[in-house]
Amino acid sequence: MTDQHPAAVPVVSDQVPDAAVLPGPVSAAPDRSTLRLALVVGGLVLAVLLGFGLGRVNATGATTGNPSLAAEHTDPPGVGPHSHGTTTSTEQGAATEPGGLAVSSAGFTLAPLDAEFAAGRPGQLRFQVRDAQRRPVTRFAVVHDKPMHLIVVRRDLTGYQHLHPTMAADGTWSVPLTLAQAGVWRAYADFTVVADNGAQTAVTLGADLVAPGDYQPRSLPAPATSTTVDGFTVGYQGTPQAGATLPLTFRIDGVGGAASLERYLGAYGHLVALREGDLGYLHVHPEPELVDGQVRFWLTTPGPGRYRLYLDFQVGADVHTAEFTVAVG
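This structure is a prediction, so every number in the text was calculated from the model and none was measured. Every residue gets a number counted from 1 within its own chain, in the order that chain's sequence is written. Local features in this predicted model are restricted to residues whose pLDDT is 70 or higher, and side-chain atom pairs enter the listing and the counts only when it is 80 or higher, whereas totals over whole chains, interfaces and linings include all residues. The side-chain quantities take in all heavy atoms of the structure and omit both hydrogens and water.

Draft legend 1. Fine view of the confidence of the model for the chain. pLDDT is a per-residue confidence score from the predictor, ranging from 0 to 100. With 71% of its residues at a pLDDT of 70 or more, the chain shows a mean pLDDT of 80. By definition in these notes, contact holds between two residues if any of their heavy atoms fall within 4.5 Å. Predicted confidence is poor over residues 87-95, with pLDDT under 50, and the contacts of this stretch with residues over four places away or in other chains come to 16 contacts.

Draft legend 2. Local environment of empty space enclosed by the protein. A cavity here means a set of 1 Å grid points, computed over protein atoms only, where a 1.4 Å probe fits but cannot escape. A pocket is an open set with protein on both sides within 12 Å along at least 5 of 7 lines, and lining residues have an atom within 4 Å of a point. Grid points are joined across faces, edges and corners, and a volume is the space filled by probe spheres set on the points. In the structure shown here, the tally under the stated rule is 1 cavity of 30 Å³ or more. Its volume calculated, the largest cavity comes out at about 50 Å³. Elements with a minimum of two residues in the lining of the largest cavity: β5 (108-112), β6 (122-130) and β12 (200-211). Each residue gets one label: Ala, Val, Leu, Ile, Met, Phe, Trp, Tyr, Cys and Pro are nonpolar, Asp, Glu, Lys and Arg are charged, and the others, such as Gly, are polar. Looking at the lining of the largest cavity residue by residue, the classes come out as 8 nonpolar, no polar and no charged. Labels follow the DSSP assignment, with helices taken as runs of H or I lasting at least four residues and strands as runs of E lasting at least two, numbered in each case from the N terminus.

Draft legend 3. The arrangement of the packing of aromatic side chains in detail. Only rings of Phe, Tyr and Trp enter the pairing, Trp through its six-membered ring, and a pair is recorded when the two centres are within 6.5 Å. The plane angle decides the type: under 30 degrees is stacked, over 60 is edge-to-face, the rest tilted. On inspection of all chains with the given rule, the structure shows 10 aromatic pairs. With 6.5 Å between their ring centres and 15° between their planes, phenylalanine 127 and tryptophan 173 make a pair best called stacked. Of this pair, phenylalanine 127 sits in strand β6 while tryptophan 173 is found in strand β10 (residues 172-178), placing the two residues 46 residues apart along the sequence. Only protein chains enter the accessibility calculation, which uses a 1.4 Å probe; a residue whose area is less than 20% of its type maximum is buried, one above 50% is exposed, and one in between is partly exposed. We classify tryptophan 173 as buried; its relative accessible area is 2%. Between the aromatic rings of tyrosine 160 and tyrosine 310, the centroid separation amounts to 4.3 Å while the plane-to-plane angle is 10°, which identifies the pairing as stacked.

Draft legend 4. Inspection of the environment of alanine 168 at higher detail. Checked against the element boundaries, alanine 168 lands in the loop between β9 (166-167) and β10. Judged by its relative accessible area of 37%, alanine 168 falls in the partly exposed class.

Draft legend 5. Examining the sheet that holds strand β7 (residues 148-154) more closely. Criterion used throughout: strands pair if DSSP finds at least two bridges between them. Ordered by their spatial adjacency, 4 strands build an open sheet running β8-β7-β11-β12, and the pairing between neighbours is antiparallel. Edge strands, defined here as strands with exactly one partner in the open sheet, are β8 (161-163) and β12. In this sheet, neighbouring strand axes are inclined to one another by 20° on average, regardless of whether the strands run parallel or antiparallel. Where β7 lies against β8, 3 bridges are found, and the strand directions are antiparallel. Bridging across to β8, valine 152 finds its partner in glutamine 161. Interaxial angles span 0 to 180 degrees and are taken between N-to-C directions of axes, which are lines fitted to C-alpha atoms, for helices over the stretch in contact.

Next comes the structure, spelled out in structure tokens:
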């Protein structure tokens, strides 16, 4: 659009001066209709220019977003299954790094208040999640029915526990915990922090716990696609590959056929995968409904190695855990 500028508009007064008292030659004064037209044209030009400027301001605000408009916690769009605890790449959703490898991440720190336990004796684990100013965090989103998921496992990947601590008003979480055998154990805190403006940040942090004593690590069982637990036979189909998102479909059979699975924490199963060596953490949730009576997950493994899978499922109000070793090439 080419800018157009109207001719200079004279100052308008309600009183038109008498020509007889004006010095010098008398020129024809514009009539009032001409003056009104000039004012209207000038006003339209001014309005267009102001509107253009405001439009640019609004467009700039739209690109930066309004941080006070935070959405409620929802699962990613699509079929619903997803993973916690991984840093994902923008290319094809490939996971680049498992979670739980650090005690601090995204400005938050896992601070255990009790780090040493007597092997085989009931104890109490207490911890806080602290922000960058070392203040205890007290606002968490409820994700899969709980504001905090705590996974505890010995560093040889035995003794798996999936716990749900409770939080006191000062931000201290606590949960009964028994470390069955001596050794170094890994605790993973899987949670979503809610900021004052409603923004949510999902974080998985890890810290070591110790049960002093004679530590005799166990070798990881050989890879297998079927196992038994508590009278159930659990098997899966699918072949995980490093950097690829592929389905794993689990079938759980009881006496007489397929087990009557119940929802546990809002889903028909929960799958935790831990990588041998660095104990990198993946927490995977399944499709929202059973597929031909089976539980289907979409698993993205961040790199090659051996992984230990822990499948939590519920039948008859009891939660069971089936374990598998998977070699990923």
